[in-house]
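# Fold and contact review
Read off the chains here:
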Amino acid sequence: MHTDPQRAEAEDTPSASAPAPSPAAWAIGLKDVSVVYPNGTRALRGVSLEIAAGEMVSIVGLSGSGKSTLIRAINGLVPVTDGQITVGPSVVTGMRGRQLRRLRGHIGMIFQGFNLADRASVYRNVLVGRFAHTPTYRTLLGLTSAADRELALRSLDAVGMLEKVWVRAGQLSGGQKQRVAIARALTQQPSIMLADEPVASLDPPTAHAVMDDLRRVNVEDGLTVLVNIHLMDLARQYTTRMIGLRAGELVYDGLAADATDADFEQIYGRPIQPIDRLDR
C-alpha cells in the first residue's frame, strides 16, 4: 500500500487551508474491517483507517473496488463480517434497530440515485432530513416546527436551490436533484456527510458544482465529508486526502493533490483511460 510519507508530519502541522472541524463533527475509525456478502463476494479485506473530524476525504476506485460497501458499512447499511467501525462516540458494528436509526440521524447520506420523492415539492423532500429528530406523531401528522422550516430553507439557500422550493422534485434536472439531496442532508444537521458516487450521472459543469457544494460544507461548516468517486481530477481538486481501494483492499492513503498518474494506475490496476477523467 502507498502511504504518503509526509502525512504523519502534516497531521501535526497546522495548515492555513485546512478548515477547523465543527464542534459537532465526528471522527471515523475502521479496524481490520472485512465484508463478505451472502453470495460469497468479499467486498472489503481487512481495511483499517482513521479519519479525523473535519477532514474531506475521497474514496477512489473502479466499480467493484469496495467503495460503496465501505461508505455503506460506515452508515450501518451493510453489516461488517469482521473488524470494527466507530463513528463519533458509537461503535456501528452490530448496532441494530432504534439505536442504529438514532445514529443515522447524525449521518448525512447522499446517493447517486438522489432518493427523492418526485411527486413531492423540493421543500417537502428537504424536510425529510428532520424526521430522525422529530417525534413520530408529528411526522405522521405532517407537523413541522418553525425552526425546522427555517432550517430547510437555509439549507436550500446554501446550495442555490431556494428559488425551486415549491417545484416538484420530478421536474428538476439531475444536478438540481443532487443539490436538493445535499440540502436534505444538511437539514439533518449531521456530524458527518457521506456521498456515494454523487456525480456519476452528471455532466462536467454540474459535477463541479455539486463537488463545490460538498467542499463548502466541509470548509464553512467544518463537517467530516467522505465522497466515493472514480474520477481522478475531481478527487485531486476537491478533497484533501485520498483513499484508494482495489479489489476491497486499501492500496493508497495520502494527500489528494499529490497523487500522481502512477498512483491512480496502481489504484485502478490498469493504465489511465479517458473515462477516468471528467474533463475529457
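Scroll up to find the structure this text is about.
The notes below deal with the structure included here. Counting from 1, residues in each chain are numbered in the order their sequence is written. Only residues with pLDDT of 70 or above have their local features reported here, since the model is predicted, and side-chain atom pairs are shown and tallied only from 80 upward, although totals for entire chains, interfaces and linings are computed over all residues. Think of the side-chain values as coming from all heavy atoms in the structure, minus any hydrogens and water.

## With respect to the nonpolar core
We define a nonpolar core as any set of buried Ala, Val, Leu, Ile, Met, Phe, Trp, Tyr and Cys residues linked to one another through side-chain atoms lying within 4.5 Å. When a residue's accessible area, from a 1.4 Å probe over protein chains only, is under 20% of the maximum for its type it is buried; when over 50% it is exposed; and in between it is partly exposed. Leu214, Leu234 and Met242 are the most contacted members of the largest nonpolar core, which has 50 residues in total. What counts as a helix is a DSSP run of H or I of at least four residues, what counts as a strand is a run of E of at least two, and both are numbered from the N terminus. A per-element tally of this core places helix H7 (residues 174-187) first, with six residues.

## Structural notes on the sheet that holds strand E5 (residues 82-87)
Each pair of strands is called paired provided DSSP finds at least two bridges between the two strands. Ordered in space as E3-E2-E5-E6, the four strands form an open sheet in which the pairing is antiparallel. The sheet terminates laterally at strand E3 (42-51) and strand E6 (90-91), the two strands that pair on one side only.

## Thoughts on the pairing of strand E7 (residues 107-110)
Of the two faces of E7, the one lined by Ile107 and Met109 and the one lined by Gly108 and Ile110 are each fully buried. Here four bridges tie E7 to strand E8 (residues 192-196), and the two strands are oriented parallel to one another. Residue pairing in the sheet places Ile110 in a bridge with Ala195 of E8.

## What about helix H8 (residues 204-221)?
Helix span, as expected, comes to 1.5 Å for every residue beyond the first. For H8, spanning 18 residues, the distance from its first C-alpha to its last is 25 Å, which sits close to the expected 26 Å at 1.5 Å a residue. For H8, the full list of buried residues reads Ala207, His208, Val210, Met211, Asp213, Leu214, Val217 and Asn218. Positive phi shows up at Gly222, right after H8, with a value of about 70°.

## Here we look at the packing of aromatic side chains
Each pair of aromatic rings taken from Phe, Tyr and Trp, with Trp reduced to its six-membered ring, is defined by centres within 6.5 Å and is described as stacked if the planes are under 30 degrees apart, edge-to-face if over 60, and tilted in the remaining cases. Applying the stated criterion to the full structure yields two aromatic pairs. Centre to centre, the rings of Phe264 and Tyr268 are 5.9 Å apart; their planes meet at 50°, and the pair counts as tilted. Placement of both Phe264 and Tyr268 in helix H10 (residues 261-268) is noted, with a separation of four residues, approximately one turn of the helix. On the accessibility criterion, Tyr268 (5% relative accessible area) is buried.

## A few points about the pattern of salt bridges
Any carboxyl oxygen of Asp or Glu within 4 Å of a side-chain nitrogen of Lys or Arg constitutes a salt bridge here. A full pass over the atoms with the stated rule returns 13 salt bridges. For Arg179, the salt bridge identified is with Asp213, shortest N-O distance 2.7 Å. On the criterion of sequence distance, the pair formed by Arg179 in helix H7 and Asp213 in helix H8 is long-range, its members being 34 residues apart. Using a relative accessible area of 1% as the deciding quantity, one classes Asp213 as buried. A salt bridge links Arg216 to Asp212, with the nearest nitrogen and oxygen atoms 3.2 Å apart. Of this pair, Arg216 and Asp212 are both found in helix H8, four residues apart, which corresponds to roughly one turn of the helix. When its relative accessible area of 27% is taken as the criterion, Arg216 is described as partly exposed.

None of this, on its own, says anything about what the molecule does.
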